[in-house]
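The primary structure of each chain is shown beneath.
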Amino acid sequence: EAGVTQSPTHLIKTRGQQATLRCSPISGHTSVYWYQQALGLGLQFLLWYDEGEERNRGNFPPRFSGRQFPNYSSELNVNALELEDSALYLCASGLAGFNEQFFGPGTRLTVL
Amino acid sequence: AQRVTQPEKLLSVFKGAPVELKCNYSYSGSPELFWYVQYSRQRLQLLLRHISRESIKGFTADLNKGETSFHLKKPFAQEEDSAMYYCALSDAGGTSYGKLTFGQGTILTVHP
């Protein structure tokens, strides 16, 4: 069974630009979760999508947004990039109603 | 607000010794607790969850609601147990539903 996939593996942007990160969930999973793992801050919950709708959101500014497509894949968009957005962004998938989440390998975003 | 604390950033033991990774949480609702593990150059993966009450790779963890703890234990550590371990909490229902709150992680090193 294929696991959660994320692309790209690495992304380098400059301050003020926009970044788009992509995630494909495990087949059959309807929920996608996004987390940020910044140095010294640990894993922090960003967003949860299920059945195409945003279900929950962490304490991040509105320039962090995303969407979920009909095939349950998801995009995370970060606008007006700041240096502190440099982090590993992890995507996880699961089934709504079940708390178990399966993680992807992550996208390393570097903002210069 | 929910919070997960792993008091030890680093833990070193010798092969064959018992190991205990500590996790304390604060949460007023009905939490579900997990242990996730990340081996070198691998993705984050679920090790065990409190509701399943099973032993995985020789590890066990018991939820102690009185002490609000979910410590991870193994009687005889192996070198292949060396990894980063994260304790995580999920709201079983409520405004934080779908969100995993992670501790800062403990790096376990098992010496030969």
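What counts, and at which threshold
- Residues numbered from 1 in each chain as written.
- Chains lettered and ligands numbered in written order.
- Predicted model: local features only at pLDDT ≥ 70, side-chain atom pairs only at ≥ 80, totals over all residues.
- Heavy atoms only, no water.
- Core = buried A, V, L, I, M, F, W, Y, C linked by side-chain atoms within 4.5 Å.
- Buried < 20%, exposed > 50% of the residue type's maximum accessible area, 1.4 Å probe, protein only.
- Helix = DSSP H or I, 4+ residues; strand = E, 2+ residues; numbered from the N terminus.
- Contact = heavy atoms within 4.5 Å.
- Buried area = accessible area lost by both parts, 1.4 Å probe.
- Salt bridge = Lys/Arg side-chain N within 4 Å of Asp/Glu carboxyl O.
- Polar contact = N/O pair within 3.5 Å; in protein donor to acceptor, adjacent residues only side chain to side chain.
- Nonpolar A, V, L, I, M, F, W, Y, C, P; charged D, E, K, R; others polar.

Enquirer: What is the right way to look at the nonpolar core in this model?
Expert: Residues B:Trp35, B:Leu72 and B:Tyr85 are the most contacted members of the largest nonpolar core, which totals 24 residues. Secondary-structure elements contributing two or more residues to this core are strand S2 (10-14), strand S3 (19-21), strand S5 (31-38), strand S6 (45-49), strand S9 (83-91) and strand S11 (106-111) of chain B. In terms of residue count, the dominant contributor to this core is S9(B) (4 residues). Not counting chain neighbours up to four residues away, the residues in contact with B:Leu72 comprise B:Val19, B:Glu20, B:Leu21, B:Trp35, B:Leu47, B:Leu48, B:Phe59, B:Thr60, B:Ala61 and B:Tyr85. The next biggest cluster of nonpolar side chains, apart from the first, holds 22 residues, and it includes A:Leu11, A:Leu81, A:Cys91 and A:Leu109.

Enquirer: Where do I start with the interface of chain B and chain A in this structure?
Expert: Contact residues are listed per partner, giving 19 residues for chain B and 21 residues for chain A. Here chain B and chain A share an interface that buries about 1,700 Å² over both sides, 48% of which is from carbon and sulfur atoms. Taken together, the links from chain B to chain A amount to 1 salt bridge. We note a salt bridge from A:Glu100 to B:Arg49, for which the minimum N-O separation is 2.8 Å. Linking chain B with chain A are 6 residue pairs in polar contact (both at pLDDT 80 or more). Among the secondary structure elements, those contributing two or more residues to the side of chain B that touches chain A are S5, S6, S9 and strand S10 (100-102) of chain B. When grouped by side-chain class, the residues that make up the side of chain B that touches chain A number 9 nonpolar, 5 polar and 5 charged.

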